[in-house]
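Descriptive analysis of the structure
This is what each chain is made of:
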Amino acid sequence: MAATDIGICEFEQLKRQPDIFHGIFTREGQEDVLKTTPLIFLNQVHGDTIKILKKDDNDWLENFQSGFEPSIADGIVTDMKDVFLVIRVADCQAVMLYDSKKKVIANIHSGWRGSVKNIIGKCLDTMILEFGCQPENILAGISPSLGPCCSEFVNYKDEIPENLWKYKINAENYFNFWEMSQDQLMDKGVKKDHIENMKICTKCNTDLFYSFRKEKTSGRFACVISMI
Ligand SMILES: [Zn+2]
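Residues numbered from 1 in each chain as written. Predicted model: local features only at pLDDT ≥ 70, side-chain atom pairs only at ≥ 80, totals over all residues.

Our focus in this paragraph is the overall build of the chain. Along the chain, the regular secondary structure elements total 8 helices and 12 strands. Expected size for 228 residues packed as a compact globule is a radius of gyration near 17 Å; at 17 Å, the chain falls within 12% of this value. Along the three orthogonal principal directions, the C-alpha set of the chain runs to about 55 × 35 × 35 Å. With 228 residues in all, the chain has 42% of them scored as buried. (Helix = DSSP H or I, 4+ residues; strand = E, 2+ residues; numbered from the N terminus. Rg over C-alpha atoms; globule rule 2.2 N^0.38 Å. Buried ≥ 20, exposed ≤ 12 C-beta atoms within 10 Å, placed from the backbone.)

And the structure:
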């Protein structure tokens, strides 16, 4: 991770891609995100719906310019250039994907509910089926989010299905959602060395990032990816 003085964190492997612009905007960098346009926001509802945006969808830009309502979805995939896919989080993960061969990007909102629904796997399925992506060509980045140090789920028996209890740490009620996401990526064929997790816990780093668990406010930080 590299944090610039305008408050953007970047994934090392995505930073090396010449046709990718991306960034995770810290609290200080939030205003810079508005300088990028067109920004595509989603109406995030902790579901597993994936919005598909294809470059041959000619109506799209016209609708966008006339100020359409954000789609209700928690993931978005596109092969369009020069659109900025935005996921806003505070403890949840933003997971960015890029297939450099097919030139397809995705951005996913995966909180614990998204993890339980495996929205990461569903987004990869969408990339494969709709865009012909090969998982072995996909790079993945996991944003700052609630780390295993702070992911306590006292009601986990009601909230998290038993097949995911293997991600519980020791005998405590803490879960490792970072590892769960890595496994969900690898289960679909993404290579381990193509997965970059910043491993920054938002609750432990509220000087840089918003944390819902720590602050109980609606502040969220933006995670943005675009092909340029
Ligand atoms: Zn923590």
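Let us now look at the nonpolar core. Among soluble globular proteins, nonpolar side chains are generally buried collectively. Ranked by internal contacts, the top residues of the largest apolar core, which has 60 residues, are Leu 85, Leu 97 and Cys 123. Considering every element that reaches this core, the biggest residue donor is strand β12 (residues 221-227), with 6 residues. Those residues in contact with Leu 85 that sit more than four places away from it in its chain are Ile 40, Ile 76, Thr 78, Ile 105, Asn 107, Val 224, Ile 225 and Ser 226. (Core = buried A, V, L, I, M, F, W, Y, C linked by C-beta atoms within 7 Å. Contact = placed C-beta atoms within 7 Å.)

Take helix α7 (residues 177-187) next. What α7 keeps buried is the set Phe 177, Trp 178, Met 180, Ser 181, Gln 184 and Leu 185. Projected down its long axis, α7 shows its buried positions confined to an angular sector of 160 degrees, all on one face. Elements that come into contact with the buried residues of α7 comprise β8 (93-99), β9 (104-110), α4 (112-117), α5 (119-131), β10 (138-142) and β11 (195-197). Once α7 ends, the next one or two residues include Gly 189, with phi positive near 105 degrees. (Arc of directions from axis to C-beta.)

This next bit is on α5. Taking 1.5 Å per residue as the helical rise, α5 with its 13 residues ought to reach 18 Å, and the 17 Å between its terminal C-alpha atoms agrees with that figure. Of the residues making up α5, those classed as buried are Ile 119, Ile 120, Cys 123, Leu 124 and Met 127. Burial along α5 is one-sided: seen end-on, the buried residues are contained in an arc of 145 degrees. Buried residues belonging to α5 abut β5 (50-53), β6 (75-78), β8, β9, α4 and α7. Positioned one or two residues after α5, Gly 132 has a phi angle of 70 degrees, which is positive. (Expected span 1.5 Å × (residues − 1).)

On the basis of which strands lie adjacent, the open sheet formed by 6 strands has the order β5-β6-β9-β8-β10-β11 and mixed pairing. Looking at the sheet topology across the chains shown, the edges are occupied by β5 and β11. The average undirected angle you get between the axes of adjacent strands in this sheet is 15 degrees. Pairing geometry for β10 and β11, over 3 bridges, is parallel. The residue of β11 that forms the bridge with Ile 142 is Asn 197. Each of β5, β6, β8 and β9 touches α5; the most contacted strand, β9, lies at about 160 degrees to it. Docked against the sheet, α7 engages β8, β9, β10 and β11, running at close to 170 degrees with respect to β11. (Pairing = 2+ DSSP bridges. Axes fitted to C-alpha atoms, helices over the stretch in contact; angles between N-to-C directions.)

Generally, phi is negative for residues other than glycine and the peptide bonds are trans, each holding for most cases. Phi at Asp 91 takes a positive value of approximately 95 degrees, unusual for a residue other than glycine. When you line up the elements, Asp 91 lands in the loop between β7 (84-89) and β8. A positive phi angle, near 55 degrees, is found at Lys 216, a position not held by glycine. Looking at the secondary structure, you find Lys 216 in the loop between α8 (212-215) and β12.

So, about the pairing of strand β3 (residues 20-25). Among the 6 residues of β3, 5 are classified as buried, and the element is accordingly described as predominantly covered. With 2 bridges connecting them, strand β2 (residues 8-10) and β3 associate as antiparallel partners. Across the sheet, Cys 9 pairs through a bridge with Ile 24, a residue of β3. Judged from the 5 bridges that link them, β3 and β12 form a sheet pairing that is antiparallel. Within β12, the residue paired with Gly 23 across the bridge is Val 224.

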